[in-house]
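Remarks on the overall topology
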Amino acid sequence: MRLPIVRMSDMSLLAAELALATLLFARQLKPRRHWPLRCAASLLALAVVSLLMAYVKDFVLSFIDTSAFNTPYFVVTYLLTMLSGLSVFAVFVASVRLVFETTVFHALFIGCASYATQNIARCALSLSLMRFGPIPTFSSSILREEFGILIYLSIYAIVYVSCYFVFFRRYQSGDEDFINRKILAILIAVIAVNSLLSAVYPPKDSDQASMLYTFVLLSRIFLCVMGLIMQFFVLDWLKLRFQQSQLEQLLESQKAQFEIAKKSIDTVNINAHDLKHQIAVITSAIHQSESARAIESELDEMRRMIDTVDTAYRTGNKALDVTLTEKSRICQSKDICLSVIADGAAVRFMSDVDIYILFGNALDNAIEATEAIADPSGRIISASVRQEQGVVSIHVENTFAHAPTFENGMPQTQKHDKAFHGYGVKSIQRIVEKYGGNMKAHLIRNLFCLDVILTSA
């Protein structure tokens, strides 16, 4: 059997259109080794399977009387068209897996979005040809004419660019962790229905047929757009719901941590205070001893050890004292120089837990960035809290080993698993918004600076 050139070119064009739609995800995809060869093999397989399914459809229909357009003819035609569309989609998803390092569900997600985008463009092109073109439907033969090339490139460029800015750009690395299997099942069903509708024949000099065909094309566009909305906007909702759940768990954990830290520090301070008095009594009792100097030396060492565990900060705010004391001990264990100038009374309008969450997360992030510096002398953190005319200013700055990246003015976590990290900044933002304040993060040479402005009134 001789392969018609037009049909072969139609199938090759379909493969190229789907591949181009996939490139809208390019910034989130990591290609596998020898990806150019894999891509070429995938495009060839896609074109061959598309052509093969077209011939299977023709072969099956050759056994049915097509002159009367009876019920068996329509049933077989629609079923074969849907099967053909799903087969092409399956090969396309397998191709995505072959070329890029993705999971099966991630490849299905990409396949659904790319397939929907390509179908929107193809249907929009068919609608344009019905109104302005020399033929009522699309065929690769139209690309032999200047008008055909112009309208083809224009329609596809508009649709692909629009889909990228409205939908694809919303997708971020790590979003694949939130892909819902139920949504994927619905999207595949949408693709099956769309494939079924693609079996509707273009009109042949009939106004009624033209109206029906226009309705079918608009329905296909509507289905694909709804599929894209479901993919990206529902994915955003699922991601937001997960982040809120994680943030609430983190806040509850930090509340419990604050209570534990407060009790622990109170106990240590009481014991340290008692020990100081006991040491004073012992010191006065051994002044007459011959070994007084040696004993006093030992007692001085004990005093120094007590001073390291006694509360290092007296800011006038118990919650701030607890937070700064806890973080200062962590800094001591990591050879980090922490300097603080804080007016605790400035934040007395805040709840104890909110103070702990805000300052605790700010200092935790600073400690994490600073401890990565190889030279201990370069590990420096400073913080200040002051109030002027009813405005509270909080400033935290630290040195760093690796400059953070920013998105929407806020630093992003540098950990690989972004979906489960980065909640420290979100916790700070939540507290700042609660008190109607503003926050800003920026770099000044080798310093990372975090500024928070709150209104105490």
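Residues numbered from 1 in each chain as written. Predicted model: local features only at pLDDT ≥ 70, side-chain atom pairs only at ≥ 80, totals over all residues. Heavy atoms only, no water.

1. Some details on the overall build of the chain
Helix and strand counts for the chain come out as 11 helices and 7 strands. Taken over 457 residues, the chain has a buried fraction of 42%. In the chain, of all internal contacts separated by at least 6 residues, the share reaching a separation of at least 24 is 73%. A total accessible area of about 24800 Å² is found for the chain, and carbon and sulfur atoms account for 61% of it. (Helix = DSSP H or I, 4+ residues; strand = E, 2+ residues; numbered from the N terminus. Buried < 20%, exposed > 50% of the residue type's maximum accessible area, 1.4 Å probe, protein only. Contact = heavy atoms within 4.5 Å. Areas by Shrake-Rupley, 256 points an atom, 1.4 Å probe, with all protein chains shown as cover.)

2. Some words on the side chain of N194
Counting through the fold element by element, N194 comes out in helix α6 (residues 181–197). Aside from chain neighbours lying at most four places away, what touches N194 is N119, R220 and C224.

3. Quick word on the nonpolar core
Residues F25, F109, V159, F168, L228 and F232 are the most contacted members of the largest nonpolar core, which totals 57 residues. Mapped onto this core, the elements with two or more residues apiece are α1 (5–22), α3 (71–99), α4 (104–132), α5 (146–166), α6 and α7 (207–285). Among the elements that take part in this core, α4 stands out by supplying 14 residues, more than any other. Discounting chain neighbours no more than four positions away, the residues touching F109 are F25, Y171, I179, L184, Q231, F232 and L235. The next biggest cluster of nonpolar side chains, apart from the first, holds 38 residues, and it includes I381, A383, F400 and A441. (Core = buried A, V, L, I, M, F, W, Y, C linked by side-chain atoms within 4.5 Å.)

4. Observations concerning the pattern of salt bridges
As enumerated under the stated definition, the model contains 7 salt bridges in all. A salt bridge links E101 to K30; the shortest N-O distance between them is 3.9 Å. Within this pair, whereas E101 is found in the loop between α3 and α4, its partner K30 is found in the loop between α1 and α2 (35–61), the two being separated by 71 residues in sequence. On the accessibility criterion, K30 (54% relative accessible area) is exposed. We note a salt bridge from E326 to K327, for which the minimum N-O separation is 3.9 Å. Residue E326 shares its accessibility class with K327, and that shared class is buried. Taken together, the shared-partner salt bridges connect E326, K327 and D364 into one network. (Salt bridge = Lys/Arg side-chain N within 4 Å of Asp/Glu carboxyl O.)

5. Section: the sheet that holds strand β7 (residues 447–455)
Strand order in the open sheet made by the 5 strands is β1-β2-β3-β7-β6, with mixed pairing throughout. Sheet topology places β1 (337–342) and β6 (438–444) at the edges, where each strand pairs with a single neighbour. The mean angle between the axes of side-by-side strands here comes to 10°, regardless of whether they run parallel or antiparallel. Across 9 bridges, strand β3 (residues 391–399) lies against β7 in antiparallel orientation. If you follow H395 over to β7, its bridge partner there is D451. Contacts from helix α9 (residues 318–333) reach β1 and β2 (380–388) within the one sheet, and its direction differs from that of β1 by about 165°. Its contacts with the sheet place helix α10 (residues 352–370) against β1, β2, β3 and β7, and it is angled at close to 20° to β3. (Pairing = 2+ DSSP bridges. Axes fitted to C-alpha atoms, helices over the stretch in contact; angles between N-to-C directions.)

6. Notes on the pairing of β7
Here is the key point about a regular strand: its side chains alternate between the two faces of the sheet. As judged from the 7 bridges shared by β6 and β7, these two strands associate in the antiparallel manner. Residue pairing for β7: N438 is matched across the bridge by I453. Here β6 hands over to β7 after 2 residues, with R445 in that stretch at a positive phi of 55°.

7. What about the side chain of Q231?
As for its position among the elements, Q231 is in helix α7. Among residues more than four places away in sequence, those in contact with Q231 are F109, C112, A113 and L187.

8. Examining the environment of I444
Mapped onto the elements, I444 comes out in strand β6. Relative accessible area serves as the criterion here: at 35%, I444 is assigned to the partly exposed category. Separated by 47 residues in sequence, I444 and E397 place their C-alpha atoms 9.5 Å apart.

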